[in-house]
Each structure stands twice: as C-alpha cells, then as structure tokens.
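Residue-level structural notes
Spelled out, the chains give:
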Amino acid sequence: MFFTKFARVIAWVFVILGGLRAILAFTLTFTDNLALAPRYLGSDSIGEAADKGLLYFLIGLAVGMVSDISRSVAAKAEVIKQ
C-alpha cells in the first residue's frame, strides 16, 4: 500500500509541474520577447519546454492510472480475504 500512495503523490507532482511548465511555455509564445524561454524555462526553445511539460503531464496521468488500478486491486484483495 505504501507504493500505491507514493505513486499517487508522484503522479500529482508530475501532473501539476508538467502542466504548469506547458502552460508557461504556451503563454510565452504570445510574448514579443522569445529570449525569455531559457531564462524562465531552462530550455533552449519554447517548443522544447512545451514538449517536456506535456510529456511530464502525460507520465503523471499514466502513473496516476496505474496507482488507481493498484488501489482497486488491493481493495478487492481485502474483500476476498474476508
């Protein structure tokens, strides 16, 4: 059960931080100063930052789905034991 709870925390961290990074990258595309990407995102380009942000977001979703599956399997195993 520890790993299921830990996976849920990791999933939320990835979803929140990946989403924020992607939103910031998409917001910076509408500014006139494109040199802000290395300063605020730590990437060479805005596209690279958006790609990484969306990748982290999707990894967080996948880990969240796996942790929910693990939690439901553990709950069913408890019911079967009784």
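The model shown is predicted, which means the values in this text are computed figures rather than measured ones. (Residues numbered from 1 in each chain as written. Predicted model: local features only at pLDDT ≥ 70, side-chain atom pairs only at ≥ 80, totals over all residues. Heavy atoms only, no water.)

The subject of this paragraph is the side chain of Thr-4. Along the polypeptide, Thr-4 turns up in helix 1 (residues 2-28). Given a relative accessible area of 8%, Thr-4 falls into the buried group. At a separation of 2.7 Å, a polar atom in the side chain of Thr-4 contacts the side chain of Ser-70. Discounting residues that sit within four places of it in the chain, Thr-4 has contacts with Ser-67, Ser-70 and Arg-71. (Helix = DSSP H or I, 4+ residues; strand = E, 2+ residues; numbered from the N terminus. Buried < 20%, exposed > 50% of the residue type's maximum accessible area, 1.4 Å probe, protein only. Polar contact = N/O pair within 3.5 Å; in protein donor to acceptor, adjacent residues only side chain to side chain. Contact = heavy atoms within 4.5 Å.)

Inspection of every chain in the model, using the stated rule, returns 3 salt bridges. In this structure, Arg-8 engages Asp-68 in a salt bridge whose closest nitrogen and oxygen atoms are separated by 2.7 Å. Of this pair, Arg-8 sits in helix 1 while Asp-68 sits in helix 3 (residues 46-81); the two residues are 60 residues apart in sequence, bridging distant segments of the chain. Taking the relative accessible area as the measure of exposure, Arg-8 reaches 28% and is therefore partly exposed. Residue Arg-71 is joined to Asp-68 by a salt bridge in which the shortest nitrogen-to-oxygen separation is 3.6 Å. On the criterion of helical spacing, the pair formed by Arg-71 and Asp-68 is a turn pair, its members being 3 residues apart in helix 3. The class for Arg-71 is partly exposed, based on a relative accessible area of 39%. Note on Asp-68: relative accessible area 36%, which makes it partly exposed. The network of salt bridges with common partners includes Arg-8, Asp-68 and Arg-71. (Salt bridge = Lys/Arg side-chain N within 4 Å of Asp/Glu carboxyl O.)

Nothing here speaks to function; it is all geometry.
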